[in-house]
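Okay, here's what each chain looks like letter by letter:
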Amino acid sequence: MIPVSWYLILSAVLFVLGVAGFLIKRNVITVFMSIELMLNAVNLSFVAFGYMLGDYNAHIFVFFVMVVAAAEAAVGLAIIMLMYHNRKSLNVDDIELLKF
Amino acid sequence: MDAVLFFLFAGIALAGAINLIRESHPIYSALSLVAVMGALAGLYLMLGAEFIAVVQIIVYAGAIMVLFVFVLMLVNAAPEVKLDRSKMAKNVGPPLLTLLLVEIVAVLRGKYPTSDLVHPSLLSGDNTRQIGKLLFSKFLLPFEVTSILILVAIMGAVVLGKRRPDDSR
C-alpha cells in the first residue's frame, strides 16, 4: 500500500508549481490555468484525506470545488474575452487600470 | 503494482505541471494541464473515489479545458513575451517557493508519517450511492445554493459577453 503522505506531498508539489505558474506567467489565460492547477492539487489532498479517514464528506467537498471552479472558469473567461476586446492584449502587465 | 501505478500517474502529473510553466505558448500549457487532470483522475481511482475520478474527466478535462482551448482559439493567443522586468522576483521568488514547499512537506510528514488507515466502507464499491445520499440529505442546502451560484455565473457570462448598443466595433 502507498502511504497517504505520498499523495499529500504530491499535492503540495503540484500546489507550489501552480503558485509558481501564477507568479511567473505573463499570459492571463495561463495564469488562470495555474489557478486551476492549484484547485486540482487541493482536491487531491481532499481525496487522500477522505481515503485515510474513510469519510465521504471529502468527496462532497471536491464536488463543490469542481462546481465552483466551473462557474469561475465561465465568468473568468468571459472577462478575459472582454478584456481582449478592449485592450487587444492578453499580457497581465498591460492591465494596469487599477494601478495606483 | 500500486507503487508502479502511483509513480506513473504522479510522474505524468508532475511533468504536465512543469511543462505548463515551461511552455511559452498557452495552447501547449492547456494541453499539459489536460494531462495533469487525467493523471489526477487515475490517482483518484487508486484512492477509491470512482465518482470523483469520472467527474474529473468529464467536467475538468472535458468541459472546463474545452472552454479554455475555445477561448485561446477565439483570441488567437500568441506566444508570450518575456520582459524580465523584475530582478527581485527572479532572485527572491524561487527561494520563497522552495521554502513554502519545504514547509508544507515538513508539516505533512510530521503529522502523517506513513499512515494508511483505510476505512472498509470506502472500498465497498458503492461510492456513487453514498455520495448521492449525502448530497441530498446532509448537504442539500449547499447543493441548492450551488445551483444559484451556477445561475449567477451563467447570467454573468451572458452579460459580459453581450455586445453593448453603444459599441461601435
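Numbering of residues starts from 1 in every chain and runs along the sequence as written. As a convention, the first chain written is A and the first ligand written is 1, with the rest following in written order. Local features are withheld for residues below a pLDDT of 70 in this predicted model, meaning they are given only at 70 or higher, and side-chain atom pairs are given and counted only at 80 or more; totals for whole chains, interfaces and linings count all residues. As a rule here, side-chain values cover all heavy atoms of the structure and leave hydrogens and water aside.

J.: Which residues make up the overall build of chain A, and what values go with them?
T.: Along the backbone of chain A there are 3 helices and 0 strands. In chain A, the order of α-helices and β-strands from amino to carboxyl end is α-α-α. The C-alpha atoms of chain A give 17 Å as radius of gyration, which overshoots the globular expectation for 100 residues (13 Å, by more than 25%). By its C-alpha atoms, chain A is 50 × 25 × 25 Å across when sized along the principal axes. Exposure is judged per residue with a 1.4 Å probe applied to protein chains only, and the accessible area is read against the type maximum: over 50% gives exposed, under 20% gives buried, and values in between give partly exposed. Here chain A holds 100 residues, and the buried ones make up 61% of them. Across chain A, every contact between residues at least 6 apart in sequence was considered, and the portion connecting residues at least 24 apart equals 58%. The way it works is that DSSP assigns letters per residue, a run of H or I at least four long becomes a helix, a run of E at least two long becomes a strand, and they are numbered from the N terminus. Using C-alpha atoms as the atom set, the radius of gyration is obtained and then compared with a globule rule of 2.2 Å times the number of residues to the power 0.38. Residues count as neighbours in contact if any of their non-hydrogen atoms are within 4.5 Å of one another.

J.: So what's going on with the packing of aromatic side chains? Which residues, and what values?
T.: What counts as a ring pair is set by centres within 6.5 Å for rings of Phe, Tyr and Trp (its six-membered ring), and what kind of pair is set by the plane angle: stacked under 30 degrees, edge-to-face over 60, tilted for all other angles. Scanning all chains against the criterion turns up 10 aromatic pairs over all chains. Between the aromatic rings of Phe32 of chain A and Phe68 of chain B, the centroid separation amounts to 5.5 Å while the plane-to-plane angle is 45°, which identifies the pairing as tilted. Within this pair, whereas Phe32 of chain A is found in helix H2 (residues 28–53), its partner Phe68 of chain B is found in helix H3 (residues 50–75), the two belonging to separate chains. The pair formed by Phe32 of chain A and Phe68 of chain B is uniform in burial state, with each residue classed as buried. Taking the centre distance of 5.0 Å and the plane angle of 70° together, the rings of Phe136 of chain B and Phe143 of chain B count as edge-to-face. Cluster of aromatic residues (ring-pair linked, three or more members): Trp6 and Tyr7 of chain A together with Phe6 and Phe7 of chain B. Charges are assigned to positions over rings by a cutoff of 6 Å between ring centre and Lys NZ or Arg CZ, combined with an angular limit of 35 degrees from the ring normal. Taking the ring centre of Tyr84 of chain A as reference, the NZ or CZ of Lys88 of chain A above it sits at 5.7 Å.

J.: Can you tell me about a nonpolar patch on the surface, naming the residues and giving the values?
T.: Residues and elements named next belong to chain B. Together, Met88, Val92, Leu96 and Leu99 make up a nonpolar patch on the protein surface, roughly 410 Å² of accessible area in all. Within the secondary structure layout, Met88 lies in helix H4 (residues 87–111). Owing to a relative accessible area of 64%, Met88 belongs among the exposed residues under this scheme. Excluding any residue in a salt bridge, patches collect residues exceeding 30% relative accessible area, merging like charges within 9 Å and nonpolar Val, Leu, Ile, Met, Phe, Trp and Tyr side chains within 5 Å. In this description, accessible areas are obtained by the Shrake-Rupley approach with a 1.4 Å probe, and a residue is regarded as covered only by the protein chains that are shown. For this analysis, a salt bridge means a side-chain nitrogen from Lys or Arg found within 4 Å of a carboxyl oxygen belonging to Asp or Glu.

J.: Hey, could you go over unusual backbone geometry for me, with residue numbers and the actual values?
T.: Residues and elements named next belong to chain A. Here Lys88, not a glycine, exhibits a phi torsion of approximately 55°, which is positive. Turning to its location among the elements, Lys88 is positioned in the segment after helix H3 (57–87). Lys88 gets classed as exposed once you look at its relative accessible area, which sits at 55%.

J.: Give a detailed account of helix H2 (residues 26–46) of chain B, specifying residues and quantitative values.
T.: All names here are of chain B. Take the number of residues in a helix, subtract one, and multiply by 1.5 Å to get its expected span. The end-to-end C-alpha distance of H2 is 31 Å, a good match for the 30 Å that 21 residues give at a rise of 1.5 Å each. Within H2, 15 of the 21 residues are buried, which leaves the element mostly enclosed by the surrounding structure. Remark: Gly48 follows H2 within two positions and exhibits a positive phi of approximately 75°.

J.: Run through the pattern of salt bridges, naming residues and quoting values.
T.: Residue and element names in this part refer to chain B. All chains considered together, the criterion is met by 1 salt bridge over all chains. Between Glu23 and Arg22 there is a salt bridge, and its shortest N-O distance comes to 3.9 Å. Accessibility expressed as a relative area gives 19% for Glu23, which makes it buried.

J.: Can you break down the interface of chain B and chain A residue by residue, with the values?
T.: Counting residues at the interface gives 84 residues for chain B and 69 residues for chain A. What gets called buried area is simply the loss in accessible area from a 1.4 Å probe that two parts show on being joined, summed for both. Both sides of the chain B and chain A interface together cover about 7000 Å² of buried area, and 78% of this is carbon and sulfur. Across the chain B-chain A interface, the total number found is 0 salt bridges. Elements with a minimum of two residues in the side of chain B that touches chain A: helix H1 (2–22), H2, H3, H4, helix H5 (127–135) and helix H6 (140–161) of chain B. Here the side of chain B that touches chain A gets 13 residues from one element, more than from any other, and that element is H3 of chain B. Classification used: nonpolar for Ala, Val, Leu, Ile, Met, Phe, Trp, Tyr, Cys and Pro, charged for Asp, Glu, Lys and Arg, polar for all others including Gly. Residues belonging to the side of chain B that touches chain A are distributed by class as follows: 60 nonpolar, 11 polar and 13 charged.

J.: With reference to specific residues and values, describe the environment of Arg87 of chain A.
T.: On the secondary structure map, Arg87 of chain A appears in helix H3. If sequence neighbours within four positions are ignored, Arg87 of chain A has contacts with Asp94, Ile95, Glu96 and Leu97 of chain A.

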